[in-house]
Amino acid sequence: MVSSSREFLFESASYNPDEPGTSDQEAGALLANGDDTVGGPQHIDAADRRIRLRSLGIRALALLCACSLSIGSHYGSYILAPLKSRLSREMGTSNTEFSLLISAFSLNSTWTPLLGGIVASRLGTTLSSILATGIIFSGLSVLLVGDLLEDVRLMTMGMFIFGLGISPLSVVQETIIVRFFKSHGLGISMALGLVAGKASSFVSARTSYPLSERFGPHAPFYAATVLAAFSFGINLVYVSVSRWLVSGSGAELEAPDIQEAARQRLSVQDVTEAQALQQVADKKKVNLHDITELGDVFWAYIGVNILCGAIWHPFSQLASNIFEHRFDLTEREASKQASFLLAGSMVLYPLVGVTLDRAKRRHLILLLFTISSLLTISAYCWLVLPPSATKTAWPAIVCFATGIGYSPLLLVVLVPQLVSSKYISTTLGAHKSLEQTGTVISQTIAGLILDTNPRGNDDTSGDRRYQHLLNTFLGINILQFVGIMLLWHLNRRQNELERRRRKSVDSASNTAKVTDLEEGDSEEEPLLLEQPQSVSYAAGGATLSPHSRDSPPFTHHATGAFASAVQQSSRKRGKVFGGMCLLLIIAAWVLFLVTAWLRLRSKSERGGLQE
């Protein structure tokens, strides 16, 4: 019975509900009834359909919970952008102080996503999510109090606390979706999860200024706090039903779940099974230094993330103010136009998600990513032209909204193709961490640029401060395009090396089989069935198994030596790139803290000064 219960546990941890006869309910029934069969083929087909529908419904419920977790956080993240001019007029905030408010929100996201990925892999998504949503609710409450007191420093503290939870929540949310939908339409499921957040951001940017006009200047902050409380409540519901969701959908067990099962086995003196479960749990844990072994494609991907963070979020937060000054718009009209920058994702996320699920081609992701970069470049090119010639920002809005309308989804769905499932949460964390590092540096520098005193203004090109800022964004966008081309090149080289390796191994394997037939040596056959541990391949992402069952004995030593040398070289480069990323995160913190120390003022120091 010990072996039977062990087989049942591992089947329930990894079964596919779309394959009949593999659910935990059926396995439990077989264990209870022995080898007795119930009904005929029609009964089995009907039971299979019921199991599929039930698992589909449970996964849909899990997706609904995951989407609801980020409603409050996404709404709160965009309430300040349309209010920049009002805050400057009524509270006397400078451009740098406003940028520090936004940077404070992103500052903790330079390290919390990576920690969130590791915490998610160790503590599990249920506990991690409740911590994140609780922190978000606390931060928005402090932001509300700071707005009521007109204290920019307290508002900055609120945004700082808010940002402490938002990125880990994003990692947890994406990990939940990958966990439940890894083999059940991950693209469209991830798209729907991201659409919920993007829709909240669009509603926030669209309603923040009208709410302040109709119900008073504090109304947007009250709305954000209430929605954060709603997300926290939904999270409590998810925690209470998470075990049922996992068992009913057949989602993969997390390390804490397996450890709990091991402790339960120890309580009934089933030591052998408990040790096996603990080994599985240990394999699912991830250490931070493992990132250095993920390969060159991974680090090129991280570099692109940094540049994406530098051009996406800062412009979205400043667009309303840029349009207002660049094209002489009212605050209400500028905030309305800027809100449409976030509208593209609500349509493009599901569309691109379905396309990726059906096409299932890795190169399609990079092709779409390249197109998105060209679209944002076109948007910045339009905005840097003299406003007297362009007259309107709408062409730039359409290009930018389309460009970022699906590209964040590509950064997420690419991860399972780069790394194994063990590293998904940690890679998602690294992606968020370095993206937000680029955002903090770019956002802070943007505020400093807008507070500089230009020598003169050209009436045909608008305020030079905004011209310089847009030129900077355009230059970074061009670098991002170059980075995508490099990522594409490394990916193509990796695939080519992998094809050559497989061709070489297959050729050598065929030669070995012919030799074995000629010599008739059957005693050597078991050596070919051994499956030693795989090692990481050259450009990262792919794996080498030099001692696989298809590899002939005489190629083991040479292939193993080559793979070991490649792995060591890749690890060295990974340590260098990892150190550079760490220095970049430190630089972002130093830039923010020094700027905040020099530029953040109290209410009395501002003295009601206007921009």
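Our subject is the structure listed above.
These remarks concern the structure in this document.

Here is what the cut-offs are and how they apply
Residues numbered from 1 in each chain as written. Predicted model: local features only at pLDDT ≥ 70, side-chain atom pairs only at ≥ 80, totals over all residues. Heavy atoms only, no water. Helix = DSSP H or I, 4+ residues; strand = E, 2+ residues; numbered from the N terminus. Buried < 20%, exposed > 50% of the residue type's maximum accessible area, 1.4 Å probe, protein only. Contact = heavy atoms within 4.5 Å. Areas by Shrake-Rupley, 256 points an atom, 1.4 Å probe, with all protein chains shown as cover. Core = buried A, V, L, I, M, F, W, Y, C linked by side-chain atoms within 4.5 Å. Salt bridge = Lys/Arg side-chain N within 4 Å of Asp/Glu carboxyl O. Axes fitted to C-alpha atoms, helices over the stretch in contact; angles between N-to-C directions. Parallel < 35°, antiparallel > 145°, perpendicular 65-115°, else oblique. Left-handed = near helix turned anticlockwise from the far one by under 90°. Nonpolar A, V, L, I, M, F, W, Y, C, P; charged D, E, K, R; others polar. Patch = residues over 30% accessible without salt bridge, like charges linked within 9 Å, V, L, I, M, F, W, Y side chains within 5 Å. Phe/Tyr/Trp six-rings, centres within 6.5 Å; stacked < 30°, edge-to-face > 60°. 1 Å grid on protein atoms, 1.4 Å probe; cavity = no way out; pocket = protein on both sides within 12 Å on 5 of 7 lines; lining within 4 Å. Points joined across faces, edges and corners; volume = space filled by probe spheres on them. Expected span 1.5 Å × (residues − 1). Bend = angle between axes of the 7 residues up to and from the residue. Polar contact = N/O pair within 3.5 Å; in protein donor to acceptor, adjacent residues only side chain to side chain.

Some thoughts on the overall build of the protein
Along its length, the protein carries 27 helices and two strands. The proportion of buried residues among the 611 residues of the protein is 54%. In the protein, the proportion of contacts linking residues at least 24 apart, taken out of those at least 6 apart, comes to 82%. Counting every atom, the protein has about 27,000 Å² of accessible surface; 62% of that belongs to carbon and sulfur.

Quick word on the environment of L428
Here L428 is to be found in helix α23 (residues 424-450). The exposure class of L428 is buried, given its relative accessible area of 1%. It is 8.2 Å that separates the C-alpha atoms of L428 and T175, two residues lying 253 residues apart in sequence. Apart from residues no more than four positions distant in its own chain, L428 is found in contact with V171, E174, T175, V412 and V415.

As for the nonpolar core
Membership of the largest hydrophobic core comes to 126 residues, with the highest contact counts inside it found for L80, M190, F315 and F323. In terms of residue count, helix α9 (residues 152-181) provides more of this core than any other element does, 13 residues in total.

Comments concerning the pattern of salt bridges
Here the structure, examined in full by the defined rule, presents five salt bridges. Here E90 ties to R86 by a salt bridge, and the two come within 2.7 Å at their closest N and O atoms. On the criterion of helical spacing, the pair formed by E90 and R86 is a turn pair, its members being four residues apart in helix α5 (residues 84-91). Relative accessible area serves as the criterion here: at 40%, E90 is assigned to the partly exposed category. Judged by relative accessible area, which is 5%, R86 ranks as buried. For D296, the salt bridge goes to R573, with nearest N and O atoms at 2.8 Å. Highlighted residues: D296 in helix α14 (residues 296-311) and R573 in helix α26 (residues 556-599), separated in sequence by 277 residues. According to the relative accessible area criterion, R573 is partly exposed, its value standing at 29%.

Some points on the packing of helix α15 (residues 313-326) against helix α16 (residues 331-339)
Helices that pack against each other are described as a pair by the angle of their axes relative to one another and the distance between those axes. Where α15 meets α16, the closest approach of the two axes is 8 Å, and the angle between their N-to-C directions is 130°. Comparing their axes, α16 and α15 come out oblique. In this structure, α15 meets α16 at a crossing whose hand is right-handed. Here A319, S320, F323 and E324 of α15 lie close against α16, whose contacting residues are E331, A334, S335, Q337 and A338. Its residues assigned to classes, the contact of α15 with α16 comprises four nonpolar, three polar and two charged.

Here we look at a nonpolar patch on the surface
Together, L582, L583, I586, V590, V594, W597 and L598 give the surface a local cluster of nonpolar side chains, amounting to about 800 Å² of exposed area. Structurally, the position occupied by L582 is in helix α26.

Topic: the packing of aromatic side chains
With the rule as written, the count across this model stands at 13 aromatic pairs. When the ring of F315 is compared with that of F400, the centres are 4.8 Å apart and the planes differ by 55°; the resulting orientation is tilted. Here the residue F315 occupies a position in helix α15, and F400 occupies one in helix α20 (residues 394-403), the gap between them amounting to 85 residues. Both residues of the pair, F315 and F400, count as buried. Ring geometry for F340 versus W394: centroids 5.6 Å apart, planes at 55°, classification tilted. Placement of F340 in the loop between α16 and α17 (344-359) and of W394 in helix α20 is noted, with a sequence separation of 54 residues between them. For F340, a relative accessible area of 28% gives the class partly exposed. An aromatic cluster is built from F315, F323, F327, Y380, F400 and F473, whose rings are joined through pairwise contacts.

Concerning empty space enclosed by the protein
Tallying each qualifying case throughout the model produces six cavities of 30 Å³ or more. The calculated volume of the largest cavity comes to roughly 520 Å³. In terms of lining, the largest cavity is formed by 29 residues, of which the most central are H74, K198, H313, K432 and Q436. Sort the elements by how many residues they give to the lining of the largest cavity and α9 lands first, with six residues. Among the residues making up the lining of the largest cavity, the classes are represented as ten nonpolar, 15 polar and four charged. Space inside the second largest cavity adds up to approximately 100 Å³. Forming the boundary of the second largest cavity are Y78, K198, W312, H313, S316, L341, L342, S345, A401, I404, G405 and P408. Class assignment for the residues of the lining of the second largest cavity results in seven nonpolar, four polar and one charged.

Considering the packing of α14 against α15
The interhelical angle for the contact between α14 and α15, taken along N-to-C directions, is 5°, at an axis separation of 3 Å. Judged by the angle between their axes, α14 and α15 are roughly parallel. Between α14 and α15, the residues in contact are G309, A310 and I311 and H313, P314 and F315, respectively. A per-class count over the contact of α14 with α15 returns four nonpolar, two polar and no charged.

A few points about α15
Taking 1.5 Å of rise per residue, 14 residues should cover 20 Å, and α15 covers 19 Å from first to last C-alpha, within 8% of that figure. A319 marks where α15 bends most, by close to 50°. Burial analysis of α15 places 13 of its 14 residues in the buried class, which makes it a mostly covered element. Directly beyond the C-terminal end of α15, a positive phi value near 55° is found at D328.

Some details on the side chain of S345
Its place among the elements puts S345 in helix α17. A relative accessible area of 3% means that S345 is categorised as buried. In terms of polar contacts, S345 uses its side chain to reach the backbone carbonyl oxygen of L342, at 3.2 Å. Sequence-distant contacts of S345, that is, excluding residues within four places in its chain, are made with V195, K198, P350 and G405.

Here's the deal with the environment of F98
With respect to the helices and strands, the residue F98 is situated in helix α6 (residues 95-107). Sequence spacing of F98 and L83 is 15 residues, and the spatial spacing of their C-alpha atoms is 9.9 Å. Here F98 is in contact with L80, A81, K84, L87, Q317 and L318, once residues within four sequence places are set aside.

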